[in-house]
Amino acid sequence: MCGIVGYIGFRNAYPVIINGLKRLEYRGYDSAGLAIINDNYHIYKYKGKVKDLEEKTKNLNLTGTIGIGHTRWATHGEPSDINAHPHISMNKKFIIIHNGIIENYARLKKRLEDRGYNFISQTDTEVLANLIEYIYLKGRVTPEIALRLALTKVCGAYGILVVCTDEKETLFAARKGSPLVIGVGEGEYFIASDATPIVEYTNRVIFLNDDEVAIVKKNEFSLKTIMNVPVTPVIQEIDIEIGDIEKGGFDHFMLKEIFEQPRAIEDTFRGRLSIKDKSITLGGLYNVMDKLINAKRIIIVGCGTSWHAGLVGEYLLEDLAKIPTEVEYASEFRYRNPIINEDDIVIAISQSGETADTIAAIRLAKEKGATVIGICNVVGSTVARETHAGVFTHAGPEIGVASTKAFTAQITILTLMALLLGYKRGFLPKEKYEYYINEMFEIPKKIEKILNQHEKIKELAQVFNNINNSLYLGRGYLFPVALEGALKLKEISYIHAEGYPAAEMKHGPIALIDESMPVVVLASNKDITYEKIISNIQEVKARKGMVISIITEGDEKISKISDYCIEIPEAPDILTALLSVVPLQLLSYYIAVNRGYNVDQPRNLAKSVTVE
Ligand code: M6R
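What you are looking at is a predicted structure, and each value in this text was computed from that prediction instead of being measured. (Residues numbered from 1 in each chain as written. Predicted model: local features only at pLDDT ≥ 70, side-chain atom pairs only at ≥ 80, totals over all residues. Heavy atoms only, no water.)

S.K.: Just checking my understanding: could you explain the packing of aromatic side chains for this structure?
M.R.: Here a ring pair, both rings aromatic, is described through the centre-centre distance and the interplanar angle of the planes. Following the criterion strictly, the structure yields 13 aromatic pairs and no others. Their ring planes at 50° and their centres at 4.5 Å tell us that Tyr494 and Tyr597 sit as a pair that is tilted. One end of the pair, Tyr494, is in the loop between helix H16 (478-493) and strand S24 (496-501); the other, Tyr597, is in the segment after helix H19 (576-594), and 103 residues separate them in sequence. Accessibility expressed as a relative area gives 23% for Tyr494, which makes it partly exposed. An aromatic cluster is present here, built from Tyr7, Phe190 and Tyr201 joined pairwise through their rings. Its end group placed over the ring of Tyr46, Lys56 keeps NZ or CZ at 4.5 Å from the ring centre. Looking at Lys109, its charged tip hangs above the ring of Phe119, at a distance of 5.2 Å from the centre. (Phe/Tyr/Trp six-rings, centres within 6.5 Å; stacked < 30°, edge-to-face > 60°. Helix = DSSP H or I, 4+ residues; strand = E, 2+ residues; numbered from the N terminus. Buried < 20%, exposed > 50% of the residue type's maximum accessible area, 1.4 Å probe, protein only. Lys NZ or Arg CZ within 6 Å of the ring centre and 35° of its normal.)

Next up, the structure:
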């Protein structure tokens, strides 16, 4: 949930750390801090954003070739200067930044207090700093040994960077559960929670594994487990351009990412969907294809937007491939002792590949013998590495906290999977399969057409200026889109929004409807329930509700009875989710901007939820 960045080499670390924190700020933004190390060490940390930290430190002439920085999403202790990282141990021997949660921190803290330690913050991180120091001073061991021993006593998750003030030329990095990437330059190393602060310097990276400790010096690097077993580092080349992680002229990352969707979807099906051969190839599933074809059951797990994509996946897989499919919140799945059979396929969906609940669900499914497939956007992430097989979405880095292009890229993969399995299992005739391939190929152009209506959607957003509640209704493939539209609205504009299957409205939510209640209705003229949706709209109108309909181009039946309409191009029902969600993303975006909110960094949220 927090972002951490470190540098060791020959440059001045200060700008590397500040720029790195700006890139990582989407991971948490309630406080920020840094330490620059030269002959001495200098720690600055404040409640607030990275720009506040920069403002307060930019004229201090901080120079040093080692630095660490942290941008926080509070877990233990409210956002404050004191709880901000870095933390330093009581006798000033260890400086530490941390992403994760030390679950047994209270017990460790008590033990340290009994041994004379005082704590100034409420954080679990300060406990870890003092634990390392206690072992170091009491055991008279090296900083590295003290760190490794301390980590054996810790339960929970961490990605940490540590500097010992007695050994200022070394930076220690360790990981369990929370991601860490090491960028390998010439005589310099960059360490961060993800690759975004690194790519402007190098594309050669090492992804740290759980229970590994990196000992990094200016010209030297070694890797071992916390039990002191040497590990040979594997250097990989990553394919992220600097432009991918900048706003590129857009006001916000979210808007840029919404507009990137035609490209993101094309990149996701490139090399997999051939319009010439009318075929679909999913190389990442090659090893598990027989199991997939013969699957008796698929369970999809994910959280938030990825869970919504999973719901679309359920409809697709049952509809096209006739494989019984269930979708579970990863957080529920992991604790409810689910029945999983060895011939079950579990599909884990995650943009970041680092969501703690999704990772726990993967581990549980593997333990129970299922075959686990990942759909993930980040190369080298835990989901990518811990699943038996998988397919990457090639959406490119998603920085806006509200997920947009990852959602449509995930649905793209699920659609390709369902089409391929439907065809291979004999449920989808060749002509239908080829027809859908052609139609899928057209989706990016159709999304462009929707994006061209952004001015109209911006205007429509004004309707929500004084609104506090809203309802999103959809059926079939558009029910998960209703959920996603409602989530987008609440997370960035703080307007209460609920998504419902349209027919469920009469079982309760209809009581909420009056003239101050906008109801966003998703209606596709290809859906078998089209006429029923019309009745649902009438029911809203009869109660003076305001209806905003997302309709198929030229649908006069619905446009006549709606207050406002946004048209989307015609497409087969299995592909309508990919189109209908786009106006909802834009609508939420403009509503939040009208209200003056920071859409890329909504309150209380963080991009990557690496804690439970
Ligand atoms: O990285 P993941 O896809 O695993 O993240 C899952 C959710 O945390 C994420 O989709 C979240 O709900 C977004 N803020 C939604 O916009």
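S.K.: Whenever I open this one, the sheet that holds strand S23 (residues 469-474) confuses me. Can you help?
M.R.: Pairing between the strands of a sheet comes from backbone hydrogen bonds, and it takes one of two forms, parallel or antiparallel. Strand order in the open sheet formed by 5 strands is S24-S23-S25-S26-S27, and the pairing between neighbours is parallel. Of all the strands in the sheet, the pair left with one neighbour each is S24 and strand S27 (564-568). The average undirected angle you get between the axes of adjacent strands in this sheet is 15°. Note: S23 against strand S25 (residues 518-522), 3 bridges, orientation parallel. For Leu473, the partnering residue across the bridge sits in S25 and is Val521. Seen against the sheet, helix H15 (residues 454-461) touches strand S26 (546-552) and S27 and runs at an angle of roughly 155° to S27. (Pairing = 2+ DSSP bridges. Axes fitted to C-alpha atoms, helices over the stretch in contact; angles between N-to-C directions. Contact = heavy atoms within 4.5 Å.)

S.K.: Which parts of the structure should I look at to understand the site of the ligand?
M.R.: Around the ligand sit 15 residues, and of these Ser306, Ser350, Ser352, Thr355 and Glu491 come closest. Gln351 is positioned such that a nitrogen or oxygen atom in its backbone is 2.7 Å from an oxygen atom of the ligand. The separation between an oxygen atom of the ligand and a polar side-chain atom of Ser352 is 2.6 Å. Compared with its free state, where it exposes 410 Å², the ligand has 91% of that area covered by protein. Here the residues of the shell around the ligand sort into 5 nonpolar, 8 polar and 2 charged. (Near = heavy atom within 4 Å. Polar contact = N/O pair within 3.5 Å; in protein donor to acceptor, adjacent residues only side chain to side chain. Areas by Shrake-Rupley, 256 points an atom, 1.4 Å probe, with all protein chains shown as cover. Nonpolar A, V, L, I, M, F, W, Y, C, P; charged D, E, K, R; others polar.)

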